[in-house]
Amino acid sequence: MAANAALIGFDTVWKSYGQGEAKVHALAGVDLAIQRGEFVAIMGPSGSGKSTAMNIIGCLDTPTAGTYSFMGIDAGRLDRNRRALLRNLYIGFVFQGYNLLPRTTAAENVELPLIYRGAPARERRDLAMQALAEVGLVGREHHTPAELSGGQQQRVAIARAIVTRPTLLVADEPTGNLDTARTHEIMELLTRLNRDLGLTIAMVTHEADVADYAERTIRFLDGHVASDSSKLEVA
Amino acid sequence: MIWETVRLSLRSIRRNVLRSFLTLLGIVIGVAAVIAMLTIGSGTTAKVKSDIAKLGSNLLVVRPGRPASTGGPGGLDQAVRPLADKDVAALVAHLTGARAIAPASQKQVRVIFGTESLTSGVTGTDSAYLDARDWKLVSGRPFSDSETRSGTGVCLIGETVRQQFFGAGEPDGEIIRVNRTSCKIIGLLEPKGYTGFGQDQDNVVLMPLAAYQRRIAGNRDIDNIYVAADDRTPTTELQPRVEDILRDTRRITPDREDDFSIRDMTQIADAMASATTTMTGMLGAVAGVSLLVGGIGIMNIMLVSVTERTREIGIRLAIGAHEKHILIQFLVEATVLSLLGGIIGILIGLALAGLASAALTIPFAPSPAVILLAVGFSALIGMVFGFFPALRGARLDPIDALRHE
Ligand SMILES: Nc1ncnc2c1ncn2[C@@H]1O[C@H](COP(=O)(O)OP(=O)(O)OP(=O)(O)O)[C@@H](O)[C@H]1O
Ligand SMILES: [Mg+2]
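Computed from a predicted structure; not experimentally measured.

Caption draft 1: Fine view of the UniProt feature "transmembrane region" (unreviewed entry) in chain B. All names here are of chain B. UniProt records the feature "transmembrane region" (unreviewed entry) at residues 21-40, 282-306, 327-356 and 368-388, using the numbering of this structure. What you have in residues 282-306 is 100% helix and 0% strand, and the ends, taken at the C-alpha atoms, are 36 Å apart. Counting secondary structure, residues 327-356 comes out at 100% helix and 0% strand; the distance between its end C-alpha atoms is 42 Å.

Spelled out as structure tokens, the structure:
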């Protein structure tokens with residue numbers, strides 16, 4: 001019953017690449033549940049399957065075997081256009097490399113997901129401005145990525161991820177390219193979004209002090225969940 | 001959403017102005033060629049038709065020598081029996097359904113007035129010639145019957161001859177020298193302009209046939225007999241009657257072929273008009289090939305564009321773009337690109353056609369239908385050749401695309 005109510009549910013999820021001898025199991029029977037409103041850090045050594053899991057969580061990818069359910073929907077068995085719709089409606093993405101459209105202003109980048117919702121231009125503009133204000137980028141709306149610092153670019157990316165008021169934010173190493181000061185600014189922003197908007201956040205990180213911002217840390221090892229600890233339980 | 005996409009594609013075209021322009025070259029050249037061809041072609045057709053109309057409507061022209069179509073020796077053959085006065089006389093006496101019957105012989109001859117000289121087409125004929133060819137006089141009078149009979153040295157001149165010798169002055173009553181004989185100008189012919197082949201129809205001197213034969217040709221041969229049908233008689237009906245009468249007077253036994261030919265100018269007009277249509281059609285097809293090349297250029301550049309923007313496509317897909325959004329984005333971009341080429345091509349094509357029309361003195365006849373068709377066709381090329389690259393972009397896997405460098 002608890003698993004059913006979860007926002008994200010992995011039921012013995014496998015993800016395999018390649019054939020025969022060369023076959024690699026990026027995920028080898030992962031069971032996992034994340035509730036609405038949680039802030040989860042995912043850690044683990046390189047190649048342990050963190051990004052693979054995140055791609056499935058974000059409905060970008062589907063399991064080779066097992067069931068992935070998102071909001072109670074069997075998302076692992078949806079076609080790519082339906083998953084695109086799920087992403088557009090409920091999921092925001094933040095990447096390590098920002099992934100903003102080049103030569104496109106901050107405001108236009110933030111508007112992008114709204115375009116695919118068919119929102120009218122005025123509404124898009126207003127929502128984009130609001131999202132940029134929420135990430136503290138007032139006055140930079142018309143700058144292109146090339147004119148912004150790494151931290152600012154990541155803020156634009158976060159604004160773009162939250163402009164649709166998603167249920168889930170998927171962040172794969174969001175601070176991987178940032179210095180310590182910028183890292184903490186971004187983490188404070190994410191924490192605030194989690195607390196104020198009730199945004200569920202799943203975040204991959206290699207740094208323990210980044211993971212500290214999350215309430216819960218899941219450690220991956222060789223495609224398995226090696227440990228799963230919550231601050232509340234520890235305390 | 002569509003407007004958004006059009007703006008987006010204009011932006012990406014602007015970003016690579018040179019590359020976009022080079023890509024467009026094929027379409028531009030293709031469309032320009034098609035437009036120029038069709039516009040010049042329809043001008044030429046109009047010109048040919050009006051030329052033939054100027055030659056005289058419902059006109060049959062009899063020439064000595066077997067019809068070329070039977071494969072016999074043509075008009076250049078020495079053995080050809082010329083047409084003679086009695087042939088004309090027989091037609092005048094027996095032919096029904098004709099409005100005018102006129103003999104004519106012609107030659108390029110040097111014409112002199114004062115110190116000026118000009119090589120001109122001198123025709124010996126009678127006053128029925130003007131009627132047969134629907135040719136009017138601007139001033140003066142036609143040959144009188146007695147002038148025709150006696151071969152008096154009088155002549156009618158065309159506008160080009162007038163201009164050459166008299167500029168703004170009056171030619172009537174002046175004496176010009178035609179091949180060492182003098183000739184008094186009694187009238188000025190209405191201008192007819194150039195033929196479609198660039199021949200000046202106004203560089204002519206008409207004189208009585210007898211005078212021409214005696215003083216210029218030195219023989220009594222007749223080169224052509226013009227027979228104009230009256231309003232009730234189609235040339236197709238008149239032609240066999242002319243043939244019968246001529247076979248009779250020329251004593252051609254039934255087992256032998258005609259030693260003369262009869263040309264129907266109306267049919268020639270139609271044939272020439274359809275020939276120009278075929279010509280422009282063929283040239284249009286050649287130009288169409290360059291459109292195909294242009295289309296392949298578009299496909300190529302769109303494939304490059306999709307590859308270059310793989311990461312962008314990945315971002316858009318991750319953010320929730322449907323396959324069709326990506327498809328439409330690149331399809332619109334390809335269409336805008338080739339439409340741009342089409343419009344540039346149309347402008348260049350019209351400019352070329354305008355220049356050519358002025359040079360060839362044919363009417364400049366741009367057809368809105370052809371222009372619309374060219375616009376539609378270039379848009380279609382963009383869609384057709386843009387489809388495969390766009391589909392390739394739309395089908396990308398978002399994870400792979402995001403990983404793309
Ligand atoms: N598309 C793919 N094809 C083949 N193997 C893959 C593919 N994607 C991932 N893998 C393999 O799956 C395993 C897990 O990869 P994953 O990207 O999930 O690791 P990760 O935990 O995110 O590592 P890192 O910390 O370096 O980002 C690795 O062994 C990787 O080589
Ligand atoms: Mg990774």
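From this point on, the discussion continues.
Caption draft 2: How the structure looks around the domain arrangement of chain B. Along its sequence, chain B is carved into domain 1 (2-52 + 273-403) and domain 2 (82-258). Computed over C-alpha atoms only, the centres of domain 1 of chain B and domain 2 of chain B are separated by 54 Å.

Caption draft 3: How the structure looks around the side chain of S12 of chain B. Mapped onto the secondary structure, S12 of chain B falls in helix α1 (residues 2-15). The residues contacting S12 of chain B, other than those within four sequence positions of it, are R309 and E333 of chain B.

Caption draft 4: Region of the structure containing the interface of chain B and chain A. The partner chain A presents 23 residues to the 25 residues of chain B that form the contact. Both sides of the chain B and chain A interface together cover about 2,100 Å² of buried area, and 54% of this is carbon and sulfur. When the buried surface of chain B facing chain A is broken down by residue, I315, I319 and I399 of chain B rank first, second and third, together holding 26% of it. In this structure, the connection of chain B to chain A is made through two salt bridges. The partner of R80 of chain A in a salt bridge is E323 of chain B, and the shortest N-O contact between them spans 2.6 Å. Between the two partners, chain B and chain A, sit twelve residue pairs in polar contact (both at pLDDT 80 or more). For the side of chain B that touches chain A, the element with the highest residue contribution is helix α10 (residues 310-319) of chain B, accounting for seven residues. A class-by-class count of the residues in the side of chain B that touches chain A yields eleven nonpolar, four polar and ten charged.

Caption draft 5: Representation of the packing of α1 of chain B against helix α11 (residues 323-360) of chain B. Residue and element names in this part refer to chain B. Here α1 crosses α11 at 60°, and the two axes come no closer than 9 Å. Put simply, α1 runs oblique to α11. Remark: the crossing between α1 and α11 carries right-handed chirality. Across from I2, T5, V6, L8, S9, L10, S12 and I13 in α1, the residues of α11 making contact are I328, Q329, V332, E333, V336, L337 and L340. Its residues assigned to classes, the contact of α1 with α11 shows ten nonpolar, four polar and one charged.

Caption draft 6: Region of interest: the environment of Q239 of chain B. All names here are of chain B. Along the chain, Q239 turns up in helix α8 (residues 235-249). For Q239, a relative accessible area of 22% gives the class partly exposed. In this structure, the C-alpha to C-alpha distance between Q239 and V61, residues 178 residues apart in sequence, is 9.6 Å. Not counting residues within four places of it along the chain, the set of residues in contact with Q239 comprises L60, I262 and D264.

How each quantity is defined
Residues numbered from 1 in each chain as written. Chains lettered and ligands numbered in written order. Predicted model: local features only at pLDDT ≥ 70, side-chain atom pairs only at ≥ 80, totals over all residues. Heavy atoms only, no water. UniProt positions renumbered as here; feature names shortened; annotations may be inferred. Helix = DSSP H or I, 4+ residues; strand = E, 2+ residues; numbered from the N terminus. Domains from an automatic or database assignment. Contact = heavy atoms within 4.5 Å. Buried area = accessible area lost by both parts, 1.4 Å probe. Salt bridge = Lys/Arg side-chain N within 4 Å of Asp/Glu carboxyl O. Polar contact = N/O pair within 3.5 Å; in protein donor to acceptor, adjacent residues only side chain to side chain. Nonpolar A, V, L, I, M, F, W, Y, C, P; charged D, E, K, R; others polar. Axes fitted to C-alpha atoms, helices over the stretch in contact; angles between N-to-C directions. Parallel < 35°, antiparallel > 145°, perpendicular 65-115°, else oblique. Left-handed = near helix turned anticlockwise from the far one by under 90°. Buried < 20%, exposed > 50% of the residue type's maximum accessible area, 1.4 Å probe, protein only.

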